[in-house]
Amino acid sequence: MLDTRTIELALPGGMTLGDLDIDALDPDTMRAVLHAIFGCCDVARADAEALRETLETNGWTVRQGLTWVACAERGDVTERVSAPSRCEAVARLREYALLHEAEGCP
Amino acid sequence: MTYSTPIREGYRQELDAIREAGLFKQERSIHSPQSAGIRVEFPEGAPERDVINFCANNYLGLSSHPDVIAAAHAGLDARGYGMSSVRFICGTQDIHHQLERKLTEFLGTEDTLLFPSCMDANAGVFEAVLDAEDVMIADRLVHASIVDGMRLAPAVRDTYKHSDMKHLERKLQEHQDKRRRLIITDGVFSMDGDLAKLDEIVALARQYDAMVFVDDSHASGFIGRTGRGTHEHCGVFGEIDIITTTLGKGLGGASGGCVSGRAEIVEMCRQKARPYLFSNTVAPMIVAGTLKVLDLIFTDTSRRDKLEWNTEYWRQGLIDLGFDIKQGDSPIVPVMLYNAKLAQDVSRDLYDEGVYAIGFFFPVVPKAAARIRTQLSAAHDKEHLDKGLAAFAKVGAKHGILGLGKQEIVDRFGT
Ligand SMILES: Cc1ncc(COP(=O)(O)O)c(C=O)c1O
């Protein structure tokens, strides 16, 4: 078991947290926030840079960023979308999943 | 050894799961040409039986038409068996271009490109003509091959409720910020046999600057006064931007498909659609056979007229017997049973009575919408239909479902 560590952060610009903000801190959001924090630490930075350079040498323009991913699975069908916000990701996921309401007849 | 025991076991378990879920598909061997009457061996090894076929997409009865067979023979003699090449290397013959011109004229478009199948046409077209700044807005009951094609395309995917024009309009408004909007629909929906409201869809497309895509696989050759398709039926002939259709149903039933539509869009497919670029196209004898099919139906509507008569007679016959059927204008006539086991039992009993009609249930159709899908053909004579109706009457009486509506069937059998 790892030691528990606490990170203290000052809220920006005199911000206060209301009930709604507290509600927003549900486990999914917290997990995503932590992933983002660790992602920003970028442990494998040198490797990632080398891979990016290789891609660019081969003519690709590379952009990277943090994003929300939403995924739905039913049987052997998987739909997966990424979007800048969680709301948008889930909304788009729903639209894609609706295309599979039924498998359909040949 | 690459195919190790755990790999084999893994597949076996997956197959067992499919069996346990009641979704295992079993082929039935047919020992005759495709027609209104066929000779079937089912299950494997069982004695062959002559049955009336109510589940083929042989809408115009041309699958085994002597003139089509003769034309295919002549095509085989004149242009050989295969091309051994994709189209743009050395796989294009004069007759491929001839067929593309004829389909263009028949469908009322600007140009046409053949694909190995309509599945391939749908898999390739969206990726070839749309980019990330574009949006695809599809009816929620489009064919599986369209869903697959949409997954391959970089454009934003969205859907509207089945045939709900208000919902489509909202989606078009929502996506005004996109560069191009493409409305996507089947012409005739294969589950329920209902027709897309193409007149309203085209009007909305005009109002909101969108393009229209129609998969007319279950319509080409017989829907509309001269059989040109759903766009003819709805009074918007010449106004559809992209039509895909199959040569594997009404138009002879062999195989092959096409993208037909605006010249630039078809040219984009010729340059970029991967199933066209990386797969052989329709074999010469099928091209020759399909050219004959188009000859037969270009000016003579007797086959689609007979199909229309057969459909009307069949629908009315089933209604008179007390079956609950889906209303519609197409030769797809679903007999609603709602319960999956009932659909399987009725299908089996019909087979024992010499009628071949398949039961469909979830996940093929939505939950609680199990049915027997019957499909009419111009190859059916009245005698076939009367025998079919007699079998439905006997089996319906056996299960006590004649005269029952949805709720009563659900109350008795569950969903
Ligand atoms: C609406 C629709 N589109 C496309 C296809 C695929 O046609 P093909 O057999 O030419 O691949 C089918 C066939 O089941 C279909 O029903």
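Residues numbered from 1 in each chain as written. Chains lettered and ligands numbered in written order. Predicted model: local features only at pLDDT ≥ 70, side-chain atom pairs only at ≥ 80, totals over all residues. Heavy atoms only, no water.

**A closer look at the state of the cysteines**
All names here are of chain A. The final tally for this structure, using the stated rule, is zero disulfides over all chains. Unpaired in terms of disulfides, Cys71 finds its nearest cysteine sulfur in Cys87, a separation of 18 Å. Taking the relative accessible area as the measure of exposure, Cys71 reaches 39% and is therefore partly exposed. (Disulfide = S-S within 2.5 Å. Buried < 20%, exposed > 50% of the residue type's maximum accessible area, 1.4 Å probe, protein only.)

**Some remarks on the interface of chain B and chain A**
It is common to give the size of an interface as the accessible area lost on bringing the parts into contact. Facing the 26 residues of chain B at the interface are 15 residues of chain A. Carbon and sulfur atoms make up 55% of the surface buried where chain B meets chain A, a total of about 1,800 Å² over both sides. Considering only the surface of chain B that becomes buried against chain A, B:Arg140, B:Arg151 and B:Arg157 emerge as the three largest contributors, covering 33% of it. Seen at the junction of chain B and chain A, the total is four salt bridges. Counting across the chain B and chain A interface gives 10 residue pairs in polar contact (both at pLDDT 80 or more). Broken down by secondary-structure element, the contributors of at least two residues to the side of chain B that touches chain A are β5 (135–139), α6 (144–152) and β6 (156–160) of chain B. (Contact = heavy atoms within 4.5 Å. Buried area = accessible area lost by both parts, 1.4 Å probe. Salt bridge = Lys/Arg side-chain N within 4 Å of Asp/Glu carboxyl O. Polar contact = N/O pair within 3.5 Å; in protein donor to acceptor, adjacent residues only side chain to side chain. Helix = DSSP H or I, 4+ residues; strand = E, 2+ residues; numbered from the N terminus.)

**Comments concerning the site of the ligand**
Close to the ligand lie 14 residues, the nearest being A:Pro106, B:Asp215, B:His218, B:Thr246 and B:Lys249. Neighbouring residues of the ligand are not confined to one chain but are distributed across chains A and B. In this structure, B:Asp215 approaches the ligand through a side-chain N or O atom, which is 2.6 Å from a nitrogen atom. A distance of 2.9 Å separates an oxygen atom of the ligand from a polar side-chain atom of B:Lys249. Here the ligand has 400 Å² of accessible area as a free molecule, and 85% of this is covered by the chains. It is helix α5 (residues 118–129) of chain B that provides the largest number of residues to the shell around the ligand, a total of three residues. Partitioning the shell around the ligand into residue classes produces three nonpolar, eight polar and three charged. (Near = heavy atom within 4 Å. Areas by Shrake-Rupley, 256 points an atom, 1.4 Å probe, with all protein chains shown as cover. Nonpolar A, V, L, I, M, F, W, Y, C, P; charged D, E, K, R; others polar.)

**Some words on a nonpolar patch on the surface**
Residue and element names in this part refer to chain A. A contiguous nonpolar surface patch, about 430 Å² in accessible area, is contributed by Leu11, Met15, Leu17, Leu25 and Met30. Inspection of the secondary structure puts Met30 in helix α2 (residues 27–41). Assessed through its relative accessible area of 34%, Met30 is described here as partly exposed. (Patch = residues over 30% accessible without salt bridge, like charges linked within 9 Å, V, L, I, M, F, W, Y side chains within 5 Å.)

**Quick word on the nonpolar core**
All names here are of chain B. Counting residues in hydrophobic clusters, the biggest one holds 90 residues, and the most contacted among them are Leu168, Ile201, Trp314, Leu318 and Phe392. In terms of residue count, helix α12 (residues 284–298) provides more of this core than any other element does, seven residues in total. Here this core gathers at least three residues from each of two domains, domain 1 (22–53 + 301–413) and domain 2 (66–298). Dropping the residues within four chain positions of it, Trp314 is found in contact with Phe54, Val333, Thr374, Leu376, Leu385, Gly388, Leu389 and Phe392. (Core = buried A, V, L, I, M, F, W, Y, C linked by side-chain atoms within 4.5 Å. Domains from an automatic or database assignment.)

**Topic: the domain arrangement of chain B**
Residues and elements named next belong to chain B. For chain B, the domain assignment lists domain 1 (22–53 + 301–413) and domain 2 (66–298). Each partner contributes to the interface: domain 1 provides 16 residues, whereas domain 2 provides 16 residues. With both chains or domains summed, domain 1 and domain 2 bury close to 1,200 Å², and 59% of this area falls on carbon and sulfur atoms. The largest contributions to the domain 1 side of the interface with domain 2 come from Arg304, Asp329 and Ile332, which together make up 37% of the buried area. Counting every contact that joins domain 1 to domain 2 gives two salt bridges. Lys326 is paired through a salt bridge with Asp192; the nearest N and O atoms lie 3.6 Å apart. Where domain 1 touches domain 2, the interface holds six residue pairs in polar contact (both at pLDDT 80 or more). Only α13 (302–321), β11 (332–338) and β14 (370–375) provide two or more residues apiece to the side of domain 1 that touches domain 2. Of the residues forming the side of domain 1 that touches domain 2, the biggest block, three residues, is contributed by β14.

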